[in-house]
Amino acid sequence: MLFYNCFLVVFLAVSIKAEQEDLNSHRSSDLTASRLKEVQEQLVQLSDQLNTLNSQMATRMASVANDQERSCTRNPAITDCSEVKDQRSGIYPLKVCSDPPYNVYCNQTFEDGSWMVIYNRFDGPDHTFNQTWEAYRRGFGQPDGEHFIGLERLHSLTYGRSYEVAFILNRDGQEHVGIYDRFEIDNGRDHFPIRVIGSGRGGLRLFPETTELRRFQTYDRNNLHPLARVTMIEEECGFWFVDMPHGHDSPGFQRFCANLRQLKVMIRKLPNAS
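Just so we're clear, the structure is a prediction, and the values are computed from it rather than from any experiment. Each residue is numbered by its place in its chain's sequence as written, counting from 1. For this predicted model, a pLDDT threshold of at least 70 governs which residues receive local features, and a threshold of 80 or more governs which side-chain atom pairs are given and counted, while totals over whole chains, interfaces and linings are taken from all residues. Based on all heavy atoms of the structure, the side-chain values leave hydrogens and waters out of the count.

**Student:** Any details on the overall build of the chain? Residues and values, ideally.
**Tutor:** Helix and strand labels come from DSSP, where a helix needs a run of H or I of at least four residues and a strand needs a run of E of at least two; each type is numbered from the N terminus. Within the chain one finds six helices and 13 strands. Within the chain, the proportion of its 274 residues that are buried is 43%. The contact rule is simple, with two residues in contact once any of their heavy atoms fall within 4.5 Å. Sequence-distant contacts, at least 24 apart, represent 57% of the contacts inside the chain between residues at least 6 apart. For every accessible area listed, the method is Shrake-Rupley and the probe measures 1.4 Å; residues are considered covered only by the protein chains on display. Accessible area for the chain stands at about 14,500 Å²; split by element, carbon and sulfur atoms hold 51% of it. The classification of residues rests on relative accessible area computed with a 1.4 Å probe and restricted to protein chains. Under 20% of the type maximum is buried, over 50% is exposed, and intermediate values are partly exposed.

**Student:** Describe the state of the cysteines, naming the residues involved and giving the relevant values.
**Tutor:** Working definition of a disulfide: a covalent bond connecting the sulfur atoms of two cysteines. For this text, the term disulfide refers to a pair of cysteine sulfurs within 2.5 Å. One pass over the full model with this rule turns up two disulfides. What pairs with Cys-237 in a disulfide is Cys-257, and their sulfur atoms sit 2.2 Å apart. With the S-S dihedral at roughly -65°, the linkage between Cys-237 and Cys-257 falls on the left-handed side. With Cys-237 in the loop between helix 5 (226–235) and strand 12 (239–242) and Cys-257 in helix 6 (residues 250–260), this residue pair connects regions lying 20 residues apart in the sequence. Given the relative accessible area of 0%, Cys-257 is considered buried. Taken in N- to C-terminal order, the disulfide-linked cysteines of the chain are connected 1-2, 3-4.

**Student:** So what's going on with the packing of aromatic side chains? Which residues, and what values?
**Tutor:** Working definition: rings of Phe, Tyr and Trp (its six-membered ring) pair if their centres are within 6.5 Å, and the pair is stacked with planes under 30 degrees apart, edge-to-face with planes over 60 apart, and tilted otherwise. Following the criterion strictly, the structure yields 21 aromatic pairs and no others. Taking the centre distance of 5.6 Å and the plane angle of 75° together, the rings of Tyr-119 and Phe-239 count as edge-to-face. Linking Tyr-119 in strand 3 (residues 115–120) with Phe-239 in strand 12, this pair joins segments that are 120 residues apart in sequence. Take Tyr-119: its relative accessible area is 1%, and that puts it in the buried class. By relative accessible area, Phe-239 is classed as buried at 0%. For the ring pair Phe-140 and Phe-148, a centre distance of 6.3 Å and an interplane angle of 45° mean the geometry is tilted. Each of the two residues, Phe-140 as well as Phe-148, counts as buried. As a reminder, the over-ring test applies to NZ of lysine and CZ of arginine, requiring each to be within 6 Å of the ring centre and within 35 degrees of the ring normal. We note Arg-153 situated over the ring of Tyr-102; from NZ or CZ to the ring centre the distance is 3.6 Å.

**Student:** Describe the pattern of salt bridges, and please don't skip the residues or the numbers.
**Tutor:** When a carboxyl oxygen of Asp or Glu lies within 4 Å of a side-chain nitrogen of Lys or Arg, that pair is called a salt bridge. Per the stated rule, a full pass over the model turns up twelve salt bridges. In this structure, Arg-137 engages Glu-134 in a salt bridge whose closest nitrogen and oxygen atoms are separated by 2.5 Å. With Arg-137 and Glu-134 both in helix 3 (residues 133–138) and three residues apart, the pair spans about one turn of that helix. Between Glu-184 and Arg-182 there is a salt bridge; the shortest N-O distance is 3.6 Å. Salt bridges sharing partners connect three or more residues here, namely Glu-134, Arg-137, Arg-138 and Glu-152.

Distances and angles like these do not, on their own, reveal function.
This is the structure in structure tokens:
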């Protein structure tokens, strides 16, 4: 059914595009101009639908692949990467609350290990991160490749607990690292905002030291300027942003979203944390 809907949207888009080109070549009246405006609005709507369908297809394929990997993983289930005794990095089934196990990647080489990779991008295949709000809520991708762990899962892991977070950006062949000594994500009623972000160390400062609330925002659910939404689709940019419906720094926002294509984010439970 999903493939049929995708085909139908593409077919309608081609038909409407042909009508637009015909109207452009025969501009002769106000009626034609009015119809041209309607056609352009329909194209925008169809583009949104096609983006949503692409996102749904990618999410379903990732879900099937994750189910297959889960059945083949022989490592014991964990509730956090600090429980991994092996010094080698690898994939482990994560058990959060009563949810089914979900495969995560534990990094054992960065800063003494026990880091759980929650977000990993290296500018891989298109549309991997061009996901809807619902996909970001559930999580998508492969634990040893490009992926996001999911906002619900991230909230369950960090809320009321002591975690630190590491942001690693590979830019121009160099690695830039920023580590914050506290990291906590609130619940979905307020769009999974960063509830706590601690003091930073390292050369990368992803978040300025302000008290502004940073909610998770996607192209289909956000409180940002309309121009930001266009950039979010182009750069596959879902992340934590301060609400900014009226003002917009286009160059700065585009640069930030482009950097996300080379970003890895990991969390680690602090020693003696419950």
